[in-house]
Amino acid sequence: MSSQKKRNPATRKSTLHRLKAPDGQAVQLRDFVRSDYLKRPGYQARDFSREGIEGLLVTGGVPRARADWCTAVQDITGLEVNERSHSAAGLVLMRTGQGTYALSYGVGFHMLDPYFRDDDFGLEFATRSLDEDGVIKVRNQIMDGRGRVDEYSVARGERIDGFGLDRFGAIVRRIGGTVSGIELTSLRSGTAQRVKVECAESTIKLPLATSLEEFLSDLRAIEEVCAREEPLPELGFVARLRALDPRGRKATDAQAVLEKLLGDQGSPRLALGIPELCQEGFGSAQSFRLTRGNRTVNLADLDLPTLLDFVRDKAEGTRLKALGEVRVMMYSDDDQQTPASASTNGREWLIADVPVATDRCFYGQGKWYEVGAGFLETLEEELRQLFAKEPTVVLPPWPEGERDGKGRDKHDEGWYNEHVADRTGYILFDKKNIVTDKFNGGGLEICDLLGPQNQLICVKKATSSQGTAPLNHLFAQGVTAVETLRSDDRIRSQFLARVAEHTPGHRMLEDFGTLRVVFGILLKGGQNITVDSLFAFAQVSLLQSVRRLRAMNAEVEIVPIRR
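So, here is what we can say about the structure in this document. Going along each chain's sequence as written, the residues are numbered from 1 onward. For a predicted model such as this one, the threshold for reporting local features is a pLDDT of at least 70, and the threshold for listing and counting side-chain atom pairs is 80 or more; totals across whole chains, interfaces and linings nevertheless cover every residue. Side-chain descriptors were evaluated using all non-hydrogen atoms of the structure, hydrogens and water having been removed beforehand.

This part takes up the pairing of strand E23 (residues 515–523). Side-chain direction in a regular strand flips from residue to residue, so the side chains alternate between the two faces of the sheet. Whether a residue is buried, partly exposed or exposed follows from its accessible area with a 1.4 Å probe, protein chains only, as a fraction of its type maximum: under 20%, in between, or over 50%, in that order. Numbering of helices and strands runs from the N terminus, with a helix taken as a DSSP run of H or I at least four residues long and a strand as a DSSP run of E at least two residues long. Taken across its 9 residues, E23 has 8 buried, putting it largely inside the fold. A pair of strands is labelled paired if DSSP reports no fewer than 2 bridges between them. The pairing of strand E22 (residues 455–462) with E23 spans 8 bridges and is classified as parallel. For lysine 461, the partnering residue across the bridge sits in E23 and is leucine 522. Where E23 meets strand E24 (residues 554–560), 7 bridges bridge the pair, whose relative direction is parallel. Residue pairing for E24: glycine 520 is matched across the bridge by valine 559.

What follows is the structure in structure tokens.
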């Protein structure tokens, strides 16, 4: 056994970054490090040079006389608690004949200047190397305007198809699994047939050799994989959104459109997303601090209007730059003593769907992407088929009403639902919640109206000034209603009892098989519902809801409401 250990080169699970500087820009290794870490007490930067590489090592940490959790534990237990903590950080930057790389240890990745990250690196490697049946984890951001992030994990690897991913509604941010058949030290030595890797946009976590010669060999093997022209067929969908060079024509044109949008806090093309660096801590964050210059805002929950208010008065052409100057910090406590993530900038929290001539660009995580033609074709074809279906109900016009003392239209959704319920065969359920312990006493509104052919009709006014939130809520209402009716006997019984109370011989009492959900939508001006009248966030949210409803044996209809 001892001789075997000597024969096998040592490896260590490491985080590898690839760094890029703009064309023609001379960058020293120190320029890749956030400048405050080079001056911060407790940190030191040392140059080194070895055969084949030129490097810089930055190490340090912040020792604390008393860990920040001690007070809470002491208050709960009544016992004195004084434990020290130390956040160690290590960063190795190196320039080789292949490129510029960084290895980060502990919280060392915080020291890298994100401006120089190569965000193609991690997923480029993953989509060209993961074993077909070796995918273990996938994290993706749903492109529906809510900034929702889904993560799927399995104990043992399986095919990507087994995760049930939405291949048109999500941007893959992280993917992990096993690789084999690559000239890595960890695979060349010992008995390992496969090794686990985890890849984000700009990083790869995998076992790398700890001796210089084998480490450089590992780098060459990784670059050989990244240089392959095409991704693996089963993972080709990951690249359906293409990153744009921020200095290129398309990104420049898209940014000009975005500058206009940033002047409208209610634009449905804008939404709040969660940066990759904040994914782990966001769920437990108790407070946020937004800072730009001398202005600071502290709040319990971050929202888009508050963020955009920092740039509302800026001149067009300077808003996105100003948003990048807004520092956003998450804290895991109310008194904002314990950071829940690294500091991020406001641009990293912005999501935007931007049309540029015949192209569609997507801004997210501070980066520009061009939505691929295949993505658009798939999305729009499904929508056209949905909109072309002949509906089983025709909803009456929704005329504007008089304004009340606050300038609000008296013909609101409540008025409209009552107006429809006056017609033969319709039952009003708007605001008639079914209250159970499951919903903490708040109850569930199954639908706004029950139609003459068992249609669960959900109605929403969605003018452009309201953004996509009303439509997201509408589609979620339909999915929740069907899920609950299918799974909760008590709620189903209460709902049917109300139907019977209104119409004793109603057909739903005997026929509860295939449900039909009707989304009645009033767009601004009563315009028709087409692929062009719904923005991408609403399109994706709609199709995701349609697929979930169909999986529960529920048909879906979209009915435009006219003025």
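What follows deals with helix H14 (residues 489–502). Note: α-helices contain 3.6 residues per turn, so residues at a spacing of three or four share the same orientation. Taking 1.5 Å of rise per residue, the 14 residues of H14 would be expected to cover 20 Å, and the 20 Å separating its terminal C-alpha atoms lies within 8% of that figure. Listed in full, the buried residues belonging to H14 are Ile491, Phe495, Leu496 and Val499. Axial view of H14: buried residues confined to an arc of 125°, hence all on one face. Exposed and oriented more than 90 degrees from the buried face of H14 are Arg490 and Glu501. Two N or O atoms form a polar contact when they lie within 3.5 Å of each other; inside protein one atom must be a possible hydrogen donor and the other a possible acceptor, and for residues adjacent in sequence the pair counts only when both atoms belong to side chains. A side-chain oxygen of the first residue of H14 lies 3.0 Å from the backbone nitrogen of arginine 490; this N-cap is aspartate 488. Take the residue count of a helix, subtract one, and multiply by 1.5 Å to get its expected span. This arc corresponds to the set of directions leading from the helix axis out to the C-beta atoms.

Further remarks concern the pairing of strand E13 (residues 287–292). Where E13 lies against strand E15 (residues 327–331), 5 bridges are found, and the strand directions are antiparallel. Paired with threonine 291 across the bridge in E15 is arginine 327. Pairing between E13 and strand E14 (residues 295–299): 5 bridges, direction antiparallel. What sits directly across from arginine 289, in E14, is asparagine 298. The turn joining E13 and E14, which pair antiparallel and follow one another in sequence, is formed by 2 residues; a positive phi near 60° is taken by glycine 293.

Let us look at the sheet that holds E22. Sheet strands pair by backbone hydrogen bonding; their relative direction is either parallel or antiparallel. As summarised here, the arrangement of the 5 strands in space is E20-E21-E22-E23-E24, forming an open sheet in which the pairing is mixed. The open sheet has two free edges, formed respectively by strand E20 (427–428) and E24, since each of these has just one partner strand. The strands that helix H12 (residues 413–421) touches are E20, strand E21 (449–450) and E22; relative to E22, the one it contacts most, it runs at about 145°. In what follows, residue pairs with any heavy atoms lying within 4.5 Å of each other are defined as contacts. For helices, the fitted axis covers only the stretch in contact; all axes are lines through C-alpha atoms, and the angles between them, taken along N-to-C directions, range from 0 to 180 degrees.

Counting buried positions along helix H4 (residues 121–129) gives 8 out of 9 residues, so the element sits mostly inside the fold. Phe121, Gly122, Leu123, Phe125, Ala126, Thr127, Arg128 and Ser129 are the residues of H4 that are buried.

In contact at an axis separation of 8 Å, H4 and helix H6 (residues 212–226) are set at 80° when each is read in the N-to-C sense. Taken together, the axis directions place H4 and H6 in an arrangement best described as roughly perpendicular. For the pair formed by H4 and H6, the contact residues are Phe121, Glu124, Phe125, Arg128 and Ser129 on the first element and Ile222, Val225 and Cys226 on the second. The residue makeup of the contact of H4 with H6, split by class, is 5 nonpolar, 1 polar and 2 charged. Oblique is the label for any angle not covered by the other classes, which are roughly parallel (under 35 degrees), roughly antiparallel (over 145) and roughly perpendicular (65 to 115). Only Asp, Glu, Lys and Arg are considered charged, only Ala, Val, Leu, Ile, Met, Phe, Trp, Tyr, Cys and Pro nonpolar, and every remaining residue, Gly among them, polar.

All right, on to the packing of aromatic side chains then. Geometry of aromatic contacts follows a simple scheme: Phe, Tyr and Trp rings, the Trp one being its six-membered ring, pair when their centres are within 6.5 Å, and the pair is stacked under 30 degrees between planes, edge-to-face over 60, tilted otherwise. All chains considered together, the criterion is met by 8 aromatic pairs. Considering the side-chain rings of tryptophan 398 and tyrosine 416, the 4.4 Å spacing of their centres and the 10° angle between planes classify their relative orientation as stacked. Of this pair, tryptophan 398 sits in the loop between helix H11 (373–388) and H12 while tyrosine 416 sits in helix H12, and the two are 18 residues apart along the sequence. For tryptophan 398, a relative accessible area of 0% puts it in the buried group. A ring is considered to have a charge above it if a Lys NZ or an Arg CZ atom is located within 6 Å of its centre and within 35 degrees of its normal. Arginine 295 extends its terminal NZ or CZ atom over the ring of phenylalanine 310, reaching a point 4.2 Å from the ring centre.

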